[in-house]
Every structure is written in structure tokens, then in C-alpha cells.
Amino acid sequence: MGKAADLSEFDRGQIVMARRLGTIITVTARLVGCSRSAVVSIHTKWINADDTSSRRQGVGRPRVIKEKGLRRLSRLVKQSRRQTVAQLTAQYTVQRTLLDMGLCSRRSTRVPQLTKRHRQLSLQWAWEHRDWTMDEWKRVARSDESRFLIHHVDGRVRVRHLPGEQLLPSCTAGHTQAGGGGIMLLGTFSWAALGPVVVI
């Protein structure tokens, strides 16, 4: 089993994280692949280094996980209380690496379905036909299309993007909401009857 002196900074961080989450010494040692005495030694050193009331300036090992990292770890734990330390470690490491790359996670940006030009044309059409009689409107057929998702995806989709990429099609809500697989249907209706439903 590995001794404390042989462990990397990442292994030391795993030990500190596991012990802070309440994992017992034996399980922590098995997770990291080191001896129980190494776990005790590293955790004790971390506690002493973190005890600012008795620490002299410049003495002791600095905290492995910073305050921001602790808050992030706390959020991960609260999102899924049943994750193991190994799962939390992997998730925390990947998340930290992505953040270091600048790939922040944000709510997908909602883009309007109708542009300003579309709204202008619709308003113009309405004004041009505002004096139509009932008989004229009876000769009009209306149509619309809708996409039905097989797997429902609500609007709370989070996407990962670099700064300035939030309006790319792959990062907007319209794209992600259609990502569950579905079918597009076109329907028509008029005064006289309902038209057929057509698969697009």
C-alpha cells in the first residue's frame, strides 16, 4: 500500500475530500490505494494546516481544496446524495477541468421564434385584410406545423459553452429542446373542414 510520501497531490485531495464527506478511514484508503496510516497522516496535516487559530504564517500545508471548490463540491453532493466518493471525485475533477478550459455551464439561451421581419410581415398582412367579409374568410385555409418529442425535454436544459458562444445554434434552447428525438407534423383547417395531418 502507498505511503503518504508517495501519494500525488490529486490522491491527497481525494483523501481530504473523502474524509470531509465522512468516509471512514478504511474505505478512503481502499479508494485511493494507500495505507490507513497514510490517510490518517494526510488528513491530520490538512486539519492542522487549516487551523488558522494556531498556525504560524507560512507554516503547514495549504488547503488542497479552495473555498470555491468546497462550494462546488457541496452542490455536487446535494444534487445526488447517493453518489460514492469515487463518483464525486470523478465528477468534481471533470467539472473543474471544464471550468479551467473556460467551458462554463449556463442555461441555454432562448432565441425568439419570430424575427422582427416576420412580425412586420404578419402585421402588414393583417392590415391589408382587415376589411374582408365573412364569406372571404371562409375561403381561407390555415396551416401550422408542430414538433412532438419522444423524450420530453423541458426548457431547463443546461449547455456548456465558451464565452461568446451562447447564441450558436448548438447552444440555444431551440436546438436542445429538439434533441430528444421526435416527429414533425403539419395540419390544416378551414371553415369547411379539417385537413389531413401530414408527416414532414
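Everything below is about the structure shown above.
Heads up: these notes are all about the structure in this document. All figures in this text were calculated on a predicted structure; none of them were measured in a lab. (Residues numbered from 1 in each chain as written. Predicted model: local features only at pLDDT ≥ 70, side-chain atom pairs only at ≥ 80, totals over all residues. Heavy atoms only, no water.)

1. Looking at the overall build of the protein
And then number 1: Of the regular secondary structure elements, the protein holds 8 helices and 5 strands.
And then number 2: When the elements of the protein are put in sequence order from the N terminus, they spell out α-α-α-α-α-β-α-α-β-β-α-β-β.
And then number 3: Considering the protein as a whole, with its 200 residues, one finds that 24% of them fall into the buried category.
And then number 4: Considering only contacts in the protein between residues 6 or more positions apart, those separated by 24 or more positions represent 64%.
And then number 5: Total accessible area on the protein stands at roughly 14400 Å², and carbon and sulfur atoms take up 55% of it. (Helix = DSSP H or I, 4+ residues; strand = E, 2+ residues; numbered from the N terminus. Buried < 20%, exposed > 50% of the residue type's maximum accessible area, 1.4 Å probe, protein only. Contact = heavy atoms within 4.5 Å. Areas by Shrake-Rupley, 256 points an atom, 1.4 Å probe, with all protein chains shown as cover.)

2. Let's talk about the sheet that holds strand E2 (residues 141–149)
And then number 1: In space, the 3 strands of this open sheet follow the order E2-E4-E5, with antiparallel pairing throughout. If you trace the sheet from one side to the other, it starts and ends with E2 and strand E5 (198–199), each paired once.
And then number 2: As defined by bridge partners, strand E4 (residues 182–190) adjoins E5 across 2 bridges and the pair is classed as antiparallel. When the bridges of E5 are listed, Leu186 appears paired with Val198. (Pairing = 2+ DSSP bridges.)

3. Digging into the pairing of E4
And then number 1: Sheet analysis places E2 next to E4, joined by 9 bridges and oriented antiparallel. Bridge pairing in E4 links Arg142 to Phe189.

Without other data, these values stay purely geometric and don't point to any function.
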